[in-house]
Amino acid sequence: MAEDPALSLRVSEIKDPAALFERYNTEEIRQIERKVRGEIEQKKEELRQMVGERYRDLIDAADTIGEMRQCSESVVQSIQDMHQYCRSLKQGRAGVSSCGQSQRQWQEKFYTMASQIKLLLEIPERIWSAMEASQYLQATQLYLLCCHLHSLLQLGAATGGLYSPVLARFPILVRQVATTGHFRSTILLDSRSLLRGRAVSDQAIAEALVSTMLLEGSSPRQALADFLLARKASIHQLLNQPQHGAGIKAQVCSLVELMVTTLFQAYAVFYLPPEGGPRPGEGALSCGMLFSILENVTSTTPAAKGSRRVLQEETSTGSWFKYLPPSITEFQPALRTLAQPIQREQLRDTLQQWINTCKEDICRGVGSLLVYVKSLKGLAAIRDAVWDLLSTDSISQHWNTVCQRLLERPLAVWDDFLQQLFLQRLQAITKDETESISTSSVQLLTSAVRDLEGQTIHTSSGTNPGSSRGAQYEVDVASFLWSESPGDLLSDAGWVSVTQRGQQQHRSGLAMKTQALTPCVQNFCSSMDAKLRARLDDLQHYLPSQDTGSDSISVTVSSSGHTESSFNRFTDSSAVEEALREGCLACVRHILSSIRSELAAASPDPSPARLSSVLFMARLCQSMGELCPNLKHCILGKQMGSEATAKGTPRQGKKLGKARATAEVSPAHAKWAGLKEELLNCSMEAYRIWSSALSKVLLDKFGTALHAESAGAILTTATNWEDLEIQEEAESGSSVTSKIRLPVQPSWFVQSLLFQLCVEVNRVGGHALPRPTLQELLQTCLAQALQHYHSLTQQARSKEGVFPMTQNRALQLLFDLRYLNTTLGSKMEEGKSSRSHQDPRIHEVCDWLESYIDPFDLDVFTPPLNANLNRLSQRTSVLLGLLTGSEKQFASRSSSVNSQEPYNILPLTSSQIRFGLLPLSMSNVRKSKSASRGPDAPHQPRF
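**Q** Explain the packing of helix 26 (residues 629–636) against helix 29 (residues 667–706) here, please?
**A** When two helices pack together, their arrangement is given by the angle between their axes and by how far apart the axes lie. Remark: helix 26 packs on helix 29, axes separated minimally by 9 Å, with the N-to-C direction vectors making an angle of 145°. Across the interface between the two elements, L631, K632, I635 and L636 of helix 26 pack against A668, H669, W672 and L675 of helix 29. Tallied by class, the residues present in the contact of helix 26 with helix 29 amount to six nonpolar, one polar and one charged.

**Q** Quick question: what am I supposed to make of the pattern of salt bridges here?
**A** Any two side chains of opposite charge can pair, on the condition that their charged atoms come close. Counted by the stated rule, this structure contains 23 salt bridges. D361 is the salt-bridge partner of R364, the closest N and O atoms lying 3.3 Å from each other. Of this pair, R364 and D361 both sit in helix 14 (residues 344–370), three residues apart, roughly one helical turn. Of the residues examined, D361 reaches a relative accessible area of 13% and is grouped as buried. Note that R763 is salt-bridged to E760, the shortest N-O span being 3.2 Å. Of this pair, R763 and E760 both sit in helix 31 (residues 748–763), separated by three residues, roughly a single helical turn.

**Q** I keep staring at helix 31 and nothing clicks. Help me out?
**A** Structural remark: α-helix, 3.6 residues per turn; residues separated by three or four positions point the same way. Compared with the 22 Å implied by 1.5 Å per residue over 16 residues, the 22 Å span of helix 31 between its first and last C-alpha is a close match. Within the span of helix 31, buried status applies to F749, V750, L753, L754, L757, C758, E760 and V761.

**Q** Where do I start with the pairing of strand 1 (residues 721–729) in this structure?
**A** The two faces of a sheet get side chains in turn, since along a regular strand they alternate between them. Here nine bridges tie strand 1 to strand 2 (residues 735–743), and the two strands are oriented antiparallel to one another. The residue of strand 2 that forms the bridge with E728 is V736. Once strand 1 ends, the chain turns through five residues before running back antiparallel as strand 2, passing G733 with a positive phi of about 100°.

**Q** I would appreciate a short explanation of the packing of aromatic side chains in the present structure.
**A** Aromatic rings in a pair are described by how distant their centres are and how their planes are angled relative to each other. Scanning the model with the defined rule gives eight aromatic pairs in all. Arranged with centres 5.0 Å apart and planes meeting at 20°, the rings of Y267 and Y271 form a pair that is stacked. One exposure class covers both Y267 and Y271, and it is buried. Here the aromatic cluster, defined as three or more aromatic residues joined through ring pairs, consists of F702, F749 and Y789. Cation over ring: R383 sits above Y542, and NZ or CZ is 4.3 Å from the ring centre. Sitting over the ring of W387, R569 keeps its end group 4.0 Å from the ring centre.

**Q** It is not clear to me how the confidence of the model for the protein should be interpreted in this structure. Could you clarify?
**A** In regions of low pLDDT, the predicted coordinates are not meant to be interpreted in detail. When the pLDDT values of the protein are averaged, the result is 77; 74% of them are 70 or greater. Every residue in residues 462–467 scores below 50 in pLDDT, and together they form seven contacts with partners more than four places removed in sequence or on other chains. In this model, residues 828–836 is a region of pLDDT below 50 whose contacts with residues beyond four sequence positions or in other chains number four contacts.

**Q** Whenever I open this one, the state of the cysteines confuses me. Can you help?
**A** Each disulfide consists of one covalent bond between the sulfur atoms belonging to two cysteines. Taken as a whole and judged by the stated rule, the model has zero disulfides. C146 takes part in no disulfide bond, and the closest cysteine sulfur to it belongs to C147, at a distance of 5.9 Å. The exposure class assigned to C146 is buried, which follows from its relative accessible area of 1%.

**Q** Looking at this structure, how should I read the packing of helix 24 (residues 573–602) against helix 26?
**A** Two elements in contact, helix 24 and helix 26, have axes whose closest approach is 7 Å; the angle formed by their N-to-C orientations is 135°. The pairing of helix 24 with helix 26 is recorded here as oblique in orientation. Where helix 24 abuts helix 26, its residues E577, L580, R581, C584, L585 and V588 lie against L631, C634, I635 and L636. The residue makeup of the contact of helix 24 with helix 26, split by class, is eight nonpolar, no polar and two charged.

**Q** Teacher, can you tell me more about helix 26 here?
**A** Within helix 26, eight of the eight residues are buried, which leaves the element mostly enclosed by the surrounding structure. Of the residues trailing helix 26, G637 is marked for its positive phi of about 65°.

**Q** Where do I start with the environment of S612 in this structure?
**A** Position of S612 among the secondary structure elements: in helix 25 (residues 608–627). Measuring from C-alpha to C-alpha, the distance between S612 and E453 comes to 7.1 Å, with 159 residues separating the pair along the chain.

**Q** For this particular structure, what's the right way to read the environment of S485?
**A** Take S485: it is sitting in the loop between helix 20 (477–481) and helix 21 (509–514). The class for S485 is partly exposed, based on a relative accessible area of 36%.

Reading the values: the criteria
Residues numbered from 1 in each chain as written. Predicted model: local features only at pLDDT ≥ 70, side-chain atom pairs only at ≥ 80, totals over all residues. Heavy atoms only, no water. Axes fitted to C-alpha atoms, helices over the stretch in contact; angles between N-to-C directions. Helix = DSSP H or I, 4+ residues; strand = E, 2+ residues; numbered from the N terminus. Contact = heavy atoms within 4.5 Å. Nonpolar A, V, L, I, M, F, W, Y, C, P; charged D, E, K, R; others polar. Salt bridge = Lys/Arg side-chain N within 4 Å of Asp/Glu carboxyl O. Buried < 20%, exposed > 50% of the residue type's maximum accessible area, 1.4 Å probe, protein only. Expected span 1.5 Å × (residues − 1). Pairing = 2+ DSSP bridges. Phe/Tyr/Trp six-rings, centres within 6.5 Å; stacked < 30°, edge-to-face > 60°. Lys NZ or Arg CZ within 6 Å of the ring centre and 35° of its normal. pLDDT = per-residue confidence, 0-100. Disulfide = S-S within 2.5 Å. Parallel < 35°, antiparallel > 145°, perpendicular 65-115°, else oblique.

Below is the structure:
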């Protein structure tokens, strides 16, 4: 397809529009029109974009051209003026020779003005150089010289808003005057920012303050106020910095350093020694630098003028310098008012007011910073860093001297500012941590109690879905005692004796079993002890160690030739230990309150599921003080060491020192004793709940069998009697042999009561039960049994139709009652008879039962009945060992028995070493040894 000729036509080729109508038709002409219009619009758009992009450049170029035009006109005009001026000079010199002298004077005046203008042009650069070198006093002097030049050259604005003649003749000075006007605010701003710095020399501080005084015309008191305000702003800046954990130590040290540096610099800059006082010797701190610098800068004496002139270094540079007038070469700034020294009282009051204000800010700011410190180790690191800072020679040698001269009193930065803040934070950390320990321990206790209750329910119902062995051992302690585990003996048990093991070392599993400390109790106490150990380890960072405590104190005291300046880091050790002591006491009491609430919930009528948890809490309270040795360390603190040394005293001094020890009990030992008493009371309360529930269950069965009314039920509980032949003397004088039958063992329900009681006691680890608990259990059982016997007497008197009380039944019941009294009754006290020590109800019941026995038979039956009772008690003492105890001494072992019975009776040990009532042989050697050792043997612990 051929290309359309109208579209291939270029716009630039169109010369004559009439020729288009001759060459193309109407449609092609319309196409050419559209093409031309499109190109026109495109060119307009390009032009619009070009104008928009170049408009700014065109405006700048136009402005530049205008400025160049004005500048060229000004240059041309100046050249014409110079040409006319030179022409007039030539004409005047040639015309009049008498005007030479006046011409030279005018020329010198001109050179003087020119040199001043040159100096004025060079001063800004020198000011900037001095400010870059932080020489603000030099910059201030140059600025004041510049102002002096302005006044000499009359560069101020004339009346009517017109320029002065010099500015009109030298337009370049207009910009120079505007430039120098900004120097004053810049120098003041930089000088005040210098005052905020910590690592700034005393000379620089004094020069910055002199610069401020010269520029503002202020007094030394105002300079002191500016200095203290700048330092207060610096303190606020340090306190408001973002904290990131480890940076808190740097912030606190920076605050302390700023405080100390401020007082040192206030002494060096503002303090003047009293007139007539001793002059400071060599090595002493310099003082009064502000007034000495002011005197050197503003003094009008010739010596001072020659030493501290502003343009002293310019005397040898440039030939134009000699044309400067003396008012410029010897220029020195002056104060508007006389700089009076600050009175000592005013200086003291101002500094004390500043210290009080900063103390409030620092206490508030540091207190908010210490919130981010979560451990005592972090607090100790900050405290030690402050101590190291204040113990440096540059501070410690002169600190007390500076404080005494400025404040007329010593100033302890740590004691007055920080110690209470650190102690409060330490107490808060300790309280939070001990509360966390108590909360976690209570949660662990609650979960253990729920697991035990669930385990007891599953055991009683016959189901045991994946229960833990520890919970099984709590329900049945005997299974734990007689089970074997790898940890029963320690790996070094063969060569390390028990006495050589420390309290903190790991104890063997066998030692735990001898005290019936089940795994649940061990786990609870080990968890709590580990947390308390972590608290103790954290606390040790804040307390003096045994090898460095005395050294740290001696550092603060022993400084030859100087008074002590650094603080004692460990003055609050007692308060620190008291915080941990109170926290641990609150922790244990919180646990005890939770235990008491659990006991209160179980006390009215405890179910078997609750009894296992009650026993667990009883063992826990009983063993917490022993299995948590770190609890004792937390409460006693440093006094643990003195207690350990007291344990090594000779044995013979115990009785002598007992009264002295009771009179000198420390508060910590009193609190520890009180806590142990609370634990013991709580343990006894839990054991009391268990013993009352156990005695109620067993004695209910006992009472049911005792109150049997039918002959069959009575015969069911009867036991076999013994046939015994006795010889009696008849009325005729001959001996008569008769056979009698006597009971030799108690009824089955009595044996069942004692055996079940012994089984239950052994099931809960009876060898580790507290002796008062066991005694209370036995007394309760005996009292309830007597109550059933007493009710039996009332029942026989009030009811009719019951099985009658026969002589044989009365004899058996009498034997049962006396055997119960012998087994369950307490040991007879010395000086009291058996009848006066017994319950009066026993006498009543015995008299009632003896009333059913023939008096003649009773006299015959009593001696062999007593022998049977003693023999039965000795024979059953091993089986019922935990019920009888080692204090049941049977005096008639060999006196009332025949020659064959000593081989059938096993005597009991006179003292318990591990397990109670171990049988021994009857050899005379053993008996003599046990008899000799018995009264003098030391009391051994019962496991």
